[in-house]
Amino acid sequence: VSKTETNGNSTTIENSLTDTIDYRVKKVWHDANGGETKPDHDVTIQIYQTTNGGQGDLDDPYVSFQIKTDGTITVVTDPLPDGVQVEDLEDGAEWDAVVKDLPKYDAEGRLYEYILLEAGGENNWFPTYETVRDPETGDYETRVINGPGTGERIFVRKVWVDDGDVLHREPVAFGVYYARNVDEHKAGDAVLDSNSKPVTLTLQDGVWHDFIYLPQGVNAEDVYVVETTMGEAEVEYNTAGGAVPTK
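Fair warning: this is a prediction, and the values are worked out from it, not measured in the lab.

Definitions and cut-offs
- Residues numbered from 1 in each chain as written.
- Predicted model: local features only at pLDDT ≥ 70, side-chain atom pairs only at ≥ 80, totals over all residues.
- Heavy atoms only, no water.
- Core = buried A, V, L, I, M, F, W, Y, C linked by side-chain atoms within 4.5 Å.
- Buried < 20%, exposed > 50% of the residue type's maximum accessible area, 1.4 Å probe, protein only.
- Helix = DSSP H or I, 4+ residues; strand = E, 2+ residues; numbered from the N terminus.
- Contact = heavy atoms within 4.5 Å.
- Phe/Tyr/Trp six-rings, centres within 6.5 Å; stacked < 30°, edge-to-face > 60°.
- Lys NZ or Arg CZ within 6 Å of the ring centre and 35° of its normal.

### Notes on the nonpolar core
Move 1: Grouped together as the largest cluster of nonpolar side chains are 29 residues, with contacts concentrated most on Y23, F65, V99, L102 and Y114.
Move 2: When contributions to this core are tallied by element, the ones reaching two or more residues are β3 (20-29), β4 (43-51), β5 (63-67), β8 (96-103), β9 (112-118), β10 (125-133) and β11 (140-148).
Move 3: Those residues in contact with Y114 that sit more than four places away from it in its chain are I21, Y23, I47, Y48, Q49, Y62, L102, P103, Y140 and H209.
Move 4: If you look at the next biggest cluster of nonpolar residues, it comprises 17 residues, including Y178, V199, L203 and W208.

Here you go:
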């Protein structure tokens, strides 16, 4: 949007970015064997707004709505932000929704990032998230999968101190390591998954948040998360133990 103001011999032209994006939510329920099943309870979806790669607090959701077991949607946020709409996603699925016309930029022209979380958990059902962002349109899509179990996870956010320079951000990888001697593991050992491979996480393409899901029997208080690479470069730490800190 361009606004022109003329005062005598001077002309001021103010440009602002006003694009919007959509956020699609696909809700899936799994049984203990990983097969799809019917929903166990209503769920509340909360979407938070922060600058892309920023350190904004996740105190109050920007948009919140409930998906009931029969597939109907009830908007919790009242009133919704100007222009924002919450609708059924017309793809034939029973528990899908779309949040339309979310602001893409803030007043300073910085790109927004939207973080989706399911509020609370009920009856020992544990949500996992698969989030992607279209690099062309900026639209988001998150697949929220609820399965039985309590789960153990760590929420990871990458904060960039670059004044919103999103064009020069490279993929960032993280590793998970034991913080103390537990069972047969020593402090600094990599946490392994069920296939004996290190548990890792990569953030990229404007989605600078995700969960690390820990293997069964590994507690969050016994591990720590370390940034290991940015692009193709290893992240080095000033430790005697090598690139990865041991505590």
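Back to the write-up after that little detour.
### Remarks on the packing of aromatic side chains
Move 1: Going through the model one piece at a time under the given rule, you end up with 11 aromatic pairs.
Move 2: Between W29 and W125, the aromatic rings sit 5.3 Å apart at their centres with planes inclined by 70°, giving edge-to-face as the arrangement. You can see W29 sitting in strand β3 and its partner W125 sitting in strand β10, a full 96 residues away along the chain. Accessibility classification places W29 together with W125 in one group, the buried group.
Move 3: Here F211 and Y213 contribute two aromatic rings whose centre-to-centre distance is 6.0 Å and whose plane-to-plane angle is 35°, an arrangement assigned as tilted.
Move 4: By the ring-pair criterion, three or more aromatic residues cluster together here, those being Y23, Y62, Y112, Y114 and Y140.
Move 5: The aromatic ring of F211 is capped on one face by R153, whose charged end is 4.5 Å from the ring centroid.

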